Every structure is written in structure tokens, then in C-alpha cells.
Amino acid sequence: HINESMAHAVHDFRIFVDHLEARGVRKIGVTGISLGGYTSALLAAVEERLYFAVPNVPVVSLPDLILEWFPANLPIKLFLRAAGLGVRDFRHMMAVHSPLTYPPLIAKERLMVIAGAGDRLAPPKHARLLWDHWDRPRVHWFPGNHVLHLDQGKYLKEIAAFLRRIGFDRS
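Quick summary incoming for the structure in this document. (Residues numbered from 1 in each chain as written. Predicted model: local features only at pLDDT ≥ 70, side-chain atom pairs only at ≥ 80, totals over all residues. Heavy atoms only, no water.)

## Some remarks on the environment of Arg-49
- Summarising the element assignment, Arg-49 is placed in the loop between α2 (35–46) and β2 (50–56).
- Counting along the chain gives 90 residues from Arg-49 to Val-139, while the straight-line C-alpha distance between them is 22 Å.
- Ignoring sequence-local partners within four residues, the contact set of Arg-49 consists of Arg-14, Val-17, Asp-18, Glu-21 and Ile-28.
- Looking at Arg-49, its side chain comes within polar contact range of the side chain of Asp-18, at 2.5 Å. (Helix = DSSP H or I, 4+ residues; strand = E, 2+ residues; numbered from the N terminus. Contact = heavy atoms within 4.5 Å. Polar contact = N/O pair within 3.5 Å; in protein donor to acceptor, adjacent residues only side chain to side chain.)

Right, dumping it as C-alpha cells:
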């Protein structure tokens, strides 16, 4: 069901892009926080019409994330063991929608990652994996976690400067 849900998210986003383009919008970008960061990173790999992507505290491997969340990970581990599956199998089952499965379709100069140094819901290693996978585009680390984006004003200014630099502030 998770695989199907992510396919629906991409499908729905493409319908929205069609809608915007039909109304004359020429540059479309995407950003999102947490699962929205995951989705925006995935869209950067599958939607060629995107001008930029800025995942914010993104997750990039749902299996790894789920297996790290105690105690929610216990029933998942039991299920995997009962099914004779390992972590590698679990990753493979969900690789179809992992942002790490595909290269980005957006130029590196139009990619940016925002990450929380103290995030425990979307651990920093996920942002680092995406940053490495995307050949190290612009990144901004903020002090804080998933809920408290300390110094949020600073990273919002960083995003605004990034958008100006790539020409997104002009039509």
C-alpha cells in the first residue's frame, strides 16, 4: 500500500503541474517537510518539468526509518522475521519510490537540502544520504529537530536567496 500511495502522490502532483502549465505557469518547483521532503526528493527524480527541489528534513529510506523507531519497529521486525525477510529485502520492496533509487532530473545547481542537526524523526543521516546522492548540492543545516526548527528565519532567507540565484523569482 505504501508503494501505491507514493505512486498516487506522483500522479496527483503531475496532474497539478498540468493544471499550472495550462494556466501559463512556466517555472514550477517543489519543497516539503518530512514526508513532504521525501516526496519532493522523489519528484526531483521522476518529474522532468520541475525547475527546483528543496526537501526539508527529508527521509530517504522508509524501511531504515521505520526500523529505527522504537517501539514501533518491534512489530515490523517480528513480521519480517516471520516472513523470512531481512532489512535488505525490506529496502528492496520499497526501493521503487526511494529518492535514492534514481538520479535527479534537475540540475545540481537547482537542488537544495535543508536538514535539522538534532532531528530524531528524520535523522540527519537521511539528509546526508540525499545530499551525497545528489552530488552534494547546496545544503543548509539548522540547529534543531523535526518539531523545533530553530533559526528557521535563517534557512527561509537561505531558500529565498537560492531561488533568486537560480532565477525563480523572475517569470
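## What to know about unusual backbone geometry
- Phe-70 connects to Pro-71 through a cis peptide bond whose omega is 5°.
- One can find Pro-71 in the loop between α3 (62–68) and α4 (73–82).
- Positive phi values are uncommon outside glycine, yet Arg-136 reaches one of about 55°.
- Tracing the backbone through its elements, the reader meets Arg-136 in the loop between α6 (124–133) and β4 (138–142).
- Owing to a relative accessible area of 44%, Arg-136 belongs among the partly exposed residues under this scheme.
- The backbone of Asp-151 sits at a positive phi, close to 65°, despite the residue not being glycine.
- Note that Asp-151 resides in the loop between β4 and α7 (152–165).
- Among the residues examined, Asp-151 registers a relative accessible area of 47% and is labelled partly exposed. (Buried < 20%, exposed > 50% of the residue type's maximum accessible area, 1.4 Å probe, protein only.)

## Focus on a nonpolar patch on the surface
- On the surface, Trp-69, Leu-121, Val-147, Leu-148 and Leu-150 cluster together into a nonpolar patch covering about 490 Å² of accessible area.
- With respect to the element layout, Trp-69 can be found in the loop between α3 and α4.
- Residue classification places Trp-69 among the partly exposed residues on the basis of a relative accessible area of 33%. (Patch = residues over 30% accessible without salt bridge, like charges linked within 9 Å, V, L, I, M, F, W, Y side chains within 5 Å. Areas by Shrake-Rupley, 256 points an atom, 1.4 Å probe, with all protein chains shown as cover. Salt bridge = Lys/Arg side-chain N within 4 Å of Asp/Glu carboxyl O.)

## So, the pairing of β2
- Burial within β2 is extensive, with 7 of its 7 residues counted as buried.
- Inspection of the sheet shows strand β1 (residues 28–33) paired to β2 by 6 bridges, in the parallel sense. Across the sheet, Thr-31 pairs through a bridge with Val-54, a residue of β2.
- Each parallel crossover has a hand, and the one from β1 via α2 to β2 is right-handed. (Pairing = 2+ DSSP bridges. Right-handed = clockwise from strand over helix to strand, strands pointing away.)

## So, the side chain of Thr-39
- Relative to the helices and strands, Thr-39 is located in helix α2.
- Given the relative accessible area of 16%, Thr-39 is considered buried.
- For Thr-39, the residues in contact, after removing those within four places along its chain, are Met-6 and Ala-9.

## As for the packing of helix α1 (residues 2–22) against α2
- At a minimum axis separation of 11 Å, α1 and α2 run at an interaxial angle of 65°. The angle between the axes of α1 and α2 places the two elements in the roughly perpendicular class. For α1 against α2, the interelement crossing comes out right-handed. Residues Met-6, Ala-9, Val-10, Phe-13 and Arg-14 of α1 form the contact with α2, whose own contacting residues are Tyr-38, Thr-39, Leu-42, Leu-43 and Val-46. (Axes fitted to C-alpha atoms, helices over the stretch in contact; angles between N-to-C directions. Parallel < 35°, antiparallel > 145°, perpendicular 65-115°, else oblique. Left-handed = near helix turned anticlockwise from the far one by under 90°.)

## A few points about the pairing of strand β3 (residues 112–116)
- With 5 of 5 residues buried, β3 is to be regarded as a mostly interior element.
- Because side chains alternate across β3, one face comprises the buried residues Met-112, Ile-114 and Gly-116, and the other comprises Val-113 and Ala-115, equally buried.
- In terms of strand pairing, β3 meets β4 through 5 bridges, oriented parallel. For Val-113, the partnering residue across the bridge sits in β4 and is Val-139.

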